[in-house]
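# Examining the three-dimensional arrangement
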Amino acid sequence: MINVFVLQNGRLNQVPIETREDLESVAPVWVDLTDPNDDERAWVKAIYGVILPGEDEVKDIEASARYYEAENGDLHLRTDFLLEEDDGPSRVVTVAFILAKKMLFSVHTDDLPVFRLVRMRARSRPGSIADYMDVLLDLYATDAEYSADALEGIYQKLEEVSGRVLQKEFTDKDAADALSAIAHEEDLNGRIRRNMMDTRRAVSFLMRGRLLNSEQFEEARQILRDIESLDGHTSFLFDKINFLMDATVGFININQNKIIKIFSVASVAFLPPTLIASVYGMNFKILPELNWTYGYPWAWGLMITSAIAPFLYFRHRGWLK
């Protein structure tokens with residue numbers, strides 16, 4: 001899919017593109033390609049002279065070569081964007097940006113919520129965008145906002161887990177569910193932190209390259225300040241995750257110790273009956289109890305009493321609670 005946007009009175013207006021002629025008839029400020037086919041790649045190369053990177057080139061590029069200037073003066077950036085999906089775990093999508101001929105070209109495999117939000121805001125806020133660099137900075141700023149919303153979601157999920165962990169009755173099933181939820185939020189928190197680190201590198205590259213005017217430079221500094229605050233929030237969430245993880249594992253150990261304690265108490269409780277049974281099971285030549293009429297019920301009574309008495313004693317001491 002190829003999405004072309006033109007700038008009219010500070011607003012991004014999308015132009016429908018069906019054929020190559022449609023693309024040739026517009027002067028876009030942003031050309032956004034989502035999983036482009038061979039024809040769309042050929043159109044961009046023929047009309048604008050821009051060679052779009054392939055999917056493997058976007059994913060496998062070295063970290064040191066994520067931001068560079070080509071021989072023809074085009075700027076190439078690779079930036080990660082967070083993608084949360086309802087039917088699966090979150091993941092990071094790498095987007096290739098190319099700044100050429102006063103236009104922004106973006107290539108990615110999935111339709112990202114950050115891109116949709118930027119398009120929606122640009123249509124509703126006239127004057128917010130003046131050129132292609134404003135579009136790129138707006139994408140980075142919106143990415144920081146999207147990550148902040150995701151962190152708020154993590155905090156709410158952890159609060160729910162905390163309520164379950166600290167409840168009065170905490171079973172092994174509850175512990176398993178809590179550990180699964182904690183692991184999921186820890187993974188998402190780590191992805192957000194990595195995503196913000198990558199965005200910081202991209203914005204810093206633009207600032208060092210003196211590619212921004214004074215207003216854009218100040219906006220870039222504000223983006224970096226927002227990212228710095230998000231780093232502190234991710235650290236706080238990591239601490240909360242570690243606390244909940246330790247608490248959950250601690251409750252699991254407590255439940256296991258209760259089971260072990262019961263087995264230990266049971267084994268000690270049955271020692272006296274075992275002793276009595278072994279005494280009455282010995283084959284002595286002279287054993288007065290052999291002819292005792294009430295010997296058998298007496299032995300049973302002693303065994304039952306010796307089994308119940310330790311349980312009552314342990315219960316009285318509170319060892320079975």
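Treat the numbers as computed from the prediction; the structure is a model and nothing was measured. (Residues numbered from 1 in each chain as written. Predicted model: local features only at pLDDT ≥ 70, side-chain atom pairs only at ≥ 80, totals over all residues. Heavy atoms only, no water.)

## What to know about the overall build of the protein
- What the protein contains, in helices and strands, is nine helices and seven strands.
- Scored against the burial criterion, the 321 residues of the protein give a buried share of 41%.
- Once local pairs closer than 6 in sequence are excluded, the contacts in the protein between residues at least 24 apart make up 65%.
- Surface accessibility of the protein: about 18300 Å² in total, with carbon and sulfur atoms responsible for 55%. (Helix = DSSP H or I, 4+ residues; strand = E, 2+ residues; numbered from the N terminus. Buried < 20%, exposed > 50% of the residue type's maximum accessible area, 1.4 Å probe, protein only. Contact = heavy atoms within 4.5 Å. Areas by Shrake-Rupley, 256 points an atom, 1.4 Å probe, with all protein chains shown as cover.)

## Brief notes about the UniProt feature "transmembrane region" (unreviewed entry) in the protein
- The UniProt record marks residues 262–282 and 294–314 with the feature "transmembrane region" (unreviewed entry), using the residue numbering of this structure.
- Secondary structure over residues 294–314 splits into 95% helix and 0% strand, and the C-alpha atoms at its two ends are 30 Å apart. (UniProt positions renumbered as here; feature names shortened; annotations may be inferred.)

## A few points about the pattern of salt bridges
- Summed over the entire model, instances satisfying the criterion amount to 10 salt bridges.
- A salt bridge links Glu24 to Arg20, with the shortest nitrogen-to-oxygen separation between them at 3.1 Å. With Glu24 and Arg20 both in helix H1 (residues 20–24) and four residues apart, this pair spans about one turn of that helix.
- A salt bridge links Lys240 to Glu159; the shortest N-O distance between them is 3.1 Å. Taken together, the residues Lys240 in helix H7 (residues 214–269) and Glu159 in helix H5 (residues 132–165) connect sequence positions 81 residues apart.
- A network of salt bridges, in which partner residues are shared, links Arg200, Glu228 and Asp231. (Salt bridge = Lys/Arg side-chain N within 4 Å of Asp/Glu carboxyl O.)

## Regarding the environment of Arg164
- Position of Arg164 among the secondary structure elements: in helix H5.
- Expressed as a C-alpha distance, the spacing of Arg164 and Ala178, which sit 14 residues apart in the sequence, is 7.6 Å.
- Non-local contacts of Arg164, meaning those with residues more than four positions away in its chain, are made with Phe170, Asp177, Ala178 and Ala181.

## Here's the deal with a nonpolar patch on the surface
- The grouping of Tyr296, Trp300, Ile304, Ile308 and Leu312 at the surface amounts to a nonpolar patch, some 560 Å² of accessible area in total.
- Looking at where Trp300 falls in the secondary structure, it is placed in helix H9 (residues 295–317). (Patch = residues over 30% accessible without salt bridge, like charges linked within 9 Å, V, L, I, M, F, W, Y side chains within 5 Å.)

## A short note on the pairing of strand S7 (residues 103–108)
- Counting buried positions along S7 yields six of six residues, so the element is predominantly enclosed.
- A two-sided burial pattern is seen for S7, the buried positions comprising Met103, Phe105 and Val107 on one face and Leu104, Ser106 and His108 on the other.
- Pairing of strand S3 (residues 30–34) with S7 involves five bridges; the strand directions are parallel. Bridge pairing in S7 links Asp32 to Ser106.
- Of the pairings in the sheet, the one linking strand S6 (residues 91–100) to S7 comprises five bridges and is antiparallel in character. By the bridge assignment, Leu99 is partnered in S7 with Leu104.
- What sits between the antiparallel neighbours S6 and S7 is a turn of two residues, in which Lys101 has the positive phi angle 55 degrees. (Pairing = 2+ DSSP bridges.)

## Observations regarding helix H2 (residues 38–48)
- For H2, the set of buried residues is Glu40, Trp43, Val44 and Tyr48. Viewed end-on, H2 has its buried residues packed into an arc of 95 degrees, placing them on one side of the element. Residues of H2 that are exposed and point more than 90 degrees away from the buried face comprise Asp38 and Asp39.
- Buried positions along H2 lie against strand S1 (2–8), H1, S3 and S7.
- At the N-terminal end of H2, a side-chain oxygen is found 3.2 Å from the backbone nitrogen of Asp39, two or three residues along, and the residue is Asn37.
- Immediately beyond the C-terminal end of H2, within one or two residues, lies Gly49, with a positive phi of roughly 70 degrees. (Arc of directions from axis to C-beta. Polar contact = N/O pair within 3.5 Å; in protein donor to acceptor, adjacent residues only side chain to side chain.)

## Notes on unusual backbone geometry
- Notably, Asp35 is not glycine yet its phi reads approximately 50 degrees, a positive angle.
- Its place among the elements puts Asp35 in the loop between S3 and H2.
- Although it is not a glycine, Lys101 sits at a positive phi angle of roughly 55 degrees.
- Assessed through its relative accessible area of 54%, Lys101 is described here as exposed.

## Things to note about the environment of Tyr296
- Looking at the element boundaries, Tyr296 is found in helix H9.
- Taking relative accessible area as the criterion, Tyr296 reaches 61% and is therefore assigned exposed.
- Within polar-contact distance, the side chain of Tyr296 engages the side chain of Trp300 at 2.8 Å.

## Side note on helix H4 (residues 113–124)
- Compared with an ideal rise of 1.5 Å per residue, which puts 12 residues at 16 Å, H4 spans 17 Å between its outermost C-alpha atoms and is within 8% of the ideal.
- The complete set of buried residues in H4 reads Pro113, Val114, Phe115, Val118, Arg119 and Ala122. (Expected span 1.5 Å × (residues − 1).)

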